[in-house]
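Chain by chain, the residues run as shown.
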Amino acid sequence: MKRILITGATGQIGSELTIVLRRTYGEANVIAAGHRRQPDADLLESGPYCTIDVRDAESLQQTVREYGIDTIFHLASVLSAVAEQKPQLAWEINMGGLHKVLEAARQFRCAVFFPSSIGAFGPGTPLENTPQVTVQRPNTIYGITKLAGELLCDYYHHRFDVDIRGLRLPGLISYKTLPGGGTTDYAVEIFYAALTEGRYRCFLKADTRLDMMYMPDAIRAVMILMEADGKKLIHRNAYNVTAMNFTPEELAAQICRSISGFAIDYDVDPIRQAIADSWPRYMDDSTARAEWGWKPHYDLVGMTREMLARLAVMLAKPKEDDHAPR
Ligand code: SER
């Protein structure tokens, strides 16, 4: 990787991955692209930034040509809950955007990273210890775009020899940038609420178990996969990866150990609950461990400790572009 383009650079993964990629490959070699004209200062100040709508093939290709891009991290995507509200938009961005990125990659011989998701599974999938290769019949538009995305990536790899690699990411937990409109967002919101209100109203049922990962592990997974020997990647699009699984009740109990008196109650959103119920409780990620050495560093205890400590510091010093939930 020498010249990198990141779509969705202002999003939850992008805002952190961009900084790590710039540190690793040189600031000038990592072009951050988002749909926002005015991204956060650390993204703007640490290297090149451009505005791209991933549905616009021409501007995508022009950017790839202009900057001599050889690797695209394609992170622009509509998350599951918003996708259910706006299915047409989700299809255009998630599928249309991916297709345009793959076309640019084919024409300009770029490698691609594609984030699939636990959402690519659905009813009919074994939801406990979900295998790498199994039934995938998602019934959400988000899941459909992620599964179709995996297949399209496979197609471009086999048909056009494009080097594409992907992960089925679980819910991601981070303190720097909020996720926008996902089903696993509760696991981030709860930390803000714990520190500011001492209580949290959860939109999923107390016993809803889902796979999760702390962002530094997710960033490491992306970096390791993209640097791995391509010849060893049999299941390249896309690998099950996970770090922990828990329920809202278990996460609240863990937070309570640091913030005594923290209280959780429940006001279940039937749409997000139905989405969560169709996703794995926990995945088997042994294929990723065997093929490219995946191993998470953070479990529930370590992640909770870090989130509370780092978020407390961040909330104590609000910046102009405050990340707190609005
Ligand atoms: N975190 C995502 C969502 O909830 C799942 O990939 O939509």
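What counts, and where the lines are drawn
Residues numbered from 1 in each chain as written. Predicted model: local features only at pLDDT ≥ 70, side-chain atom pairs only at ≥ 80, totals over all residues. Heavy atoms only, no water. Helix = DSSP H or I, 4+ residues; strand = E, 2+ residues; numbered from the N terminus. Buried < 20%, exposed > 50% of the residue type's maximum accessible area, 1.4 Å probe, protein only. Pairing = 2+ DSSP bridges. Disulfide = S-S within 2.5 Å. Near = heavy atom within 4 Å. Polar contact = N/O pair within 3.5 Å; in protein donor to acceptor, adjacent residues only side chain to side chain. Areas by Shrake-Rupley, 256 points an atom, 1.4 Å probe, with all protein chains shown as cover. Phe/Tyr/Trp six-rings, centres within 6.5 Å; stacked < 30°, edge-to-face > 60°. Lys NZ or Arg CZ within 6 Å of the ring centre and 35° of its normal. Axes fitted to C-alpha atoms, helices over the stretch in contact; angles between N-to-C directions. Parallel < 35°, antiparallel > 145°, perpendicular 65-115°, else oblique. Left-handed = near helix turned anticlockwise from the far one by under 90°. Contact = heavy atoms within 4.5 Å. Salt bridge = Lys/Arg side-chain N within 4 Å of Asp/Glu carboxyl O. Core = buried A, V, L, I, M, F, W, Y, C linked by side-chain atoms within 4.5 Å.

1. Here we look at the side chain of Gln61
By secondary structure assignment, the location of Gln61 is in helix α3 (residues 57-67). The buried category is assigned to Gln61, whose relative accessible area is 17%.

2. Things to note about the pairing of strand β5 (residues 111-117)
Of all the 7 residues making up β5, 7 are buried; the element is thus mostly covered by neighbouring parts of the structure. Neither face of β5 is left uncovered, since the one carrying Ala111, Phe113, Pro115 and Ser117 and the one carrying Val112, Phe114 and Ser116 both have all their residues buried. Pairing between strand β4 (residues 71-74) and β5: 3 bridges, direction parallel. If you follow Thr71 over to β5, its bridge partner there is Ala111. With 6 bridges joining them, β5 and strand β7 (residues 164-169) adopt parallel strand pairing. Residue Phe113 lies in a different strand from β7, and its bridge partner there is Arg165.

3. A look at the state of the cysteines
Tallying each qualifying case throughout the model produces 0 disulfides. Take Cys202: it sits in no disulfide, and the sulfur closest to it among the cysteines is that of Cys256, at 14 Å. Taking relative accessible area as the criterion, Cys202 reaches 0% and is therefore assigned buried.

4. What to know about unusual backbone geometry
That bond from Asn237 to Ala238 is cis: its omega, 20 degrees, falls within 30 degrees of zero. Here Ala238 lies in the loop between α8 (215-227) and β11 (239-240). In this structure, Arg109 is a non-glycine residue whose phi angle is positive, near 55 degrees. Classification of Arg109 by relative accessible area gives partly exposed; the value is 48%. A positive phi angle, near 60 degrees, is found at Asp161, a position not held by glycine. The class of Asp161 is exposed, set by a relative accessible area of 55%.

5. Side note on the site of the ligand
In the region of the ligand, the neighbouring residues are Leu79, Ser80, Ser117, Tyr142, Gly182, Thr183, Thr184 and Trp279. At 2.6 Å from an oxygen atom of the ligand is found a side-chain nitrogen or oxygen belonging to Ser80. Thr184 is positioned with one of its side-chain polar atoms (N or O) 2.8 Å from a nitrogen atom of the ligand. Bound to the protein, the ligand loses 92% of the 230 Å² it would expose on its own.

6. A short note on the packing of aromatic side chains
Evaluated as defined, the whole model comprises 9 aromatic pairs. Ring centres 6.1 Å apart and planes at 35 degrees place the aromatic pair Phe73 and Phe113 in the tilted group. In this pair, Phe73 sits in strand β4 while Phe113 sits in strand β5, placing the two residues 40 residues apart along the sequence. Taken together, the ring pairs in this structure connect Tyr155, Tyr156 and Phe160 into an aromatic cluster. Across from the ring centre of Phe160, 5.3 Å away, lies the NZ or CZ of Arg106, which sits over that ring.

7. Considerations on the pairing of β7
For β7, a buried count of 6 out of 6 residues is recorded, marking the element as mostly surrounded by other parts of the structure. Of the two faces of β7, the one lined by Ile164, Gly166 and Arg168 and the one lined by Arg165, Leu167 and Leu169 are each fully buried. In terms of strand pairing, β7 meets β11 through 2 bridges, oriented parallel. Paired with Leu167 across the two strands is Tyr239, which belongs to β11.

8. A look at the packing of helix α5 (residues 87-108) against helix α6 (residues 141-160)
Axis separation between α5 and α6 bottoms out at 10 Å; the angle between their running directions is 15 degrees. What the angle tells us is that α5 and α6 run roughly parallel. α5 and α6 meet at a crossing whose hand is right-handed. For the pair α5 and α6, contact is made by Pro87, Ala90, Trp91, Asn94, Met95, Leu98, His99, Leu102, Glu103 and Arg106 and by Ile141, Tyr142, Ile144, Thr145, Ala148, Gly149, Leu152, Cys153, Tyr156 and Phe160, respectively.

9. A word on the pattern of salt bridges
Between side chains of opposite charge, pairing is possible as soon as their charged atoms come close. With the rule as written, the count across this model stands at 14 salt bridges. Glu250 is the salt-bridge partner of Arg209, the closest N and O atoms lying 2.7 Å from each other. Taken as a pair, Arg209 in the loop between β9 (199-202) and β10 (210-214) and Glu250 in helix α9 (residues 248-256) lie far apart in primary sequence, 41 residues in all. Salt bridges linked by common partners bring Asp53, Arg55 and Glu92 together as one network.

10. Let's talk about the nonpolar core
Leu167, Tyr186, Phe191, Phe246, Leu251, Trp292 and Met303 are the most contacted members of the largest nonpolar core, which totals 99 residues. Sequence-distant contacts of Leu167, defined by excluding residues within four places in its chain, comprise Phe113, Phe114, Pro115, Ser116, Ser117, Ala221, Val222, Leu225, Ala238, Tyr239, Val241 and Trp292.

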